[in-house]
Amino acid sequence: MTPPRLSGLPRADRCLVMGVVNVTPDSFSDGGQWYGTDAAIAHGLELAAQGADIVDVGGESTRPGAQRIDEDEELRRVGPVVTELVRAGLPVSIDTMRARVAEFALDAGAQLVNDVSGGLADPDMPRLVAAAGVSYVVVHWRGHSRDMYSRAVYADVVTEVRDELARRVDAVVAAGVDPGRVVLDPGLGFGKRAEHNWPLLSNLDELSTLAGTRYPVLVGASRKGFLGKLLAASDGTPAPFAERDEATVAVTALAAAAGAWCVRVHQVPANADAVRVAAAWQRAAAPVGL
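Source: prediction; values computed, not measured. (Residues numbered from 1 in each chain as written. Predicted model: local features only at pLDDT ≥ 70, side-chain atom pairs only at ≥ 80, totals over all residues. Heavy atoms only, no water.)

Observations regarding the pattern of salt bridges
Stated formally: We define a salt bridge as a side-chain nitrogen of Lys or Arg found within 4 Å of a carboxyl oxygen belonging to Asp or Glu. Think of it this way: any DSSP run of H or I at least four residues long counts as a helix, any run of E at least two long counts as a strand, and we number them from the N terminus. Only protein chains enter the accessibility calculation, which uses a 1.4 Å probe. A residue is then buried if its area is under 20% of the maximum for its type, exposed if over 50%, and partly exposed in between.
One pass over the structure, following the stated rule, counts 18 salt bridges. Across the pair R264 and D56 runs a salt bridge, and its minimum N-O distance is 2.8 Å. With R264 in strand β10 (residues 262–265) and D56 in strand β2 (residues 54–58), this pair connects stretches of sequence that are 208 residues apart. For the pair R264 and D56, one class covers both residues: buried. In this structure, the salt-bridge partner of R214 is D205, at a minimum N-O distance of 2.5 Å.

So, in structure tokens, the structure goes:
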């Protein structure tokens, strides 16, 4: 399967790797580790040197139960980081639900908006993305982190997530976003309990095709709670975040082999290897002559 091409973003004959830069004191897996302009810039540069194709900069935690920060604080955190990483020549994505934050990042040279709310948190976001002519990650989302698990009720999680994504894509396209620049993200962990994430991962092909149109898919499984639960100790204690990296690599390989456009990860080197293994697997499986 040939990876989709999105204008303005890196191109490769494999699934891309997006490295995470959390400029936050409270993100679920590495909160505080890169909190601070200098530390965050250095980490972004390191991720790129390790093989990240895109660096995703975010200033607001979306961990379960997180409370929102104000817009000015989010801008204070991410503004100088995005500016310096773009200046260094890195392809930068801005991870935000706010149009004003996205606008600053795009003006600084960011090439992708990664909106975990899929345009629901800020109605100005789709119009901004449309005017900027950049690519837009539309994530499946049912509400803010403070109470998202109250909405984690599904009769058929794959069908419901696909249909809700389809409605969001219709809405953002109606607002002017080029459908050729839309990326889908099933929103692993966002308003989903552990058991909901596995069917989504195993049905990426179904999730990527809406009304006969196939969209690129971004998978963000890295270190998430459903992996911690899978790897739990005998007493049920979830595996610590740093002990979920090998499982993340396994998901990366499987998602890439299933046709994911990009994986969003905290640790780059092993995941960069995994997408290359998946690409070799796909090439070997392709019918001769294609």
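Quick word on the sheet that holds strand β6 (residues 182–185)
Rule in force here: A pair of strands is considered paired only if DSSP assigns at least 2 bridges between the two.
Spatial ordering of the open sheet is given by β6-β5-β4-β3-β2-β1-β10-β9, a layout of 8 strands whose pairing is parallel. Only two strands of the sheet have a single neighbouring strand rather than two, namely β6 and β9 (218–219).

A closer look at the packing of aromatic side chains
Cut-off, in case you're wondering: The pairing test for Phe, Tyr and Trp rings, Trp by its six-membered ring, is centres within 6.5 Å, and the orientation test on the planes gives stacked under 30 degrees, edge-to-face over 60, and tilted for anything in between.
According to the stated counting rule, one finds 1 aromatic pair in the structure shown. Geometrically, the ring pair formed by W198 and F226 is edge-to-face, given 5.0 Å between the ring centres and 80° between the ring planes. Here the residue W198 occupies a position in helix α6 (residues 194–201), and F226 occupies one in helix α8 (residues 225–230), the gap between them amounting to 28 residues. F226 gets classed as buried once you look at its relative accessible area, which sits at 4%.

A word on helix α4 (residues 125–132)
The line we're drawing: Starting at the helix axis, one direction is taken to each C-beta atom, and the arc is that of these directions. Throughout, a residue-residue contact means that at least one pair of heavy atoms, one from each residue, lies within 4.5 Å.
Residues of α4 that are buried: M125, P126, L128 and V129. The arc that holds the buried residues of α4, viewed along the axis, is 160°, so those residues lie on one side. Residues of α4 that are buried in the fold lie against α3 (99–108), β4 (112–115), β5 (135–139) and α5 (157–174). G133 sits one or two residues past α4 and shows a positive phi near 70°.

Any functional reading would require information that these geometric values do not contain.
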